[in-house]
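What follows is the residue order along each chain.
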Amino acid sequence: PELLAAFRRTVTVPPLRNRSADLPALVAAVLAELAPGRDARLSADAQRTLARHSWPGNVAELRDALGEALRRRPVGVLQVGDLPASCQ
């Protein structure tokens, strides 16, 4: 509460489920953060699977899902099967 008082305005960001066009850029940014210097990217099928998910946990849930996928496949093209069951 005290921190919020320091700002003159607030910005409402729509939930991730309403911003599917932002998903590819968010995925790329999160993968770059979680796997710096590694060639890690999503297959087209995995990208479509993520686009169909409702993302109740928003970007935090996306980060967790990609982190789990990277534990299964630390480098290369992440496939649908690498994603957690909650996203499929």
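Just so you know, the residues in each chain are numbered from 1, in the order the chain's sequence is written. With the structure being a predicted model, the display of local features is reserved for residues of pLDDT at least 70 and the display and counting of side-chain atom pairs for 80 or more, all residues being used for whole-chain, interface and lining totals. Side-chain figures throughout are based on the complete set of non-hydrogen atoms in the structure, without hydrogens or water.

Moving on: the overall build of the chain. Per the secondary structure count, the chain includes four helices and two strands. Comment: elements are numbered from the N terminus, with helices defined as DSSP H or I runs of at least four residues and strands as E runs of at least two. Counted from the first residue to the last, the chain has its helices and strands arranged as α-α-β-α-α-β. Each principal axis of the C-alpha distribution contributes one length, and for the chain these read about 45 × 30 × 20 Å. The classification of residues rests on relative accessible area computed with a 1.4 Å probe and restricted to protein chains. Under 20% of the type maximum is buried, over 50% is exposed, and intermediate values are partly exposed. Looking at the chain residue by residue over its 88 residues, the buried ones come to 33%. Should any heavy atoms of two residues lie within 4.5 Å, those residues are considered in contact. Of the contacts made within the chain by residues no fewer than 6 positions apart, 62% connect residues no fewer than 24 positions apart. Using a 1.4 Å probe, accessible areas were evaluated by the Shrake-Rupley method; residue-level cover was limited to the displayed protein chains. Carbon and sulfur atoms make up 55% of the accessible area of the chain, which totals about 5800 Å². Asp and Glu are treated as the negative residues and Lys and Arg as the positive ones, with His and the ends of the chain left uncounted. Note that the charge is assigned to NZ on lysines, CZ on arginines, CG on aspartates and CD on glutamates. Computing the positive centroid from 12 side-chain charges and the negative centroid from 9, the chain places the two 3 Å apart.

A few words now on the confidence of the model for the chain. Model confidence for the chain is summarised by a mean pLDDT of 93, while 99% of its residues fall at 70 or above. Mean pLDDT across the secondary structure elements of the chain bottoms out at helix 1 (residues 2-5), with 78, and peaks at strand 2 (residues 76-78), with 98. The quantity called pLDDT is the predictor's confidence in a given residue, expressed from 0 to 100.

A few words on unusual backbone geometry. Its identity is not glycine, yet Trp55 carries a phi of approximately 50°, on the positive side. Its location among the elements puts Trp55 in the loop between helix 3 (44-52) and helix 4 (58-72). In this structure, Asn58 is a non-glycine residue whose phi angle is positive, near 55°.

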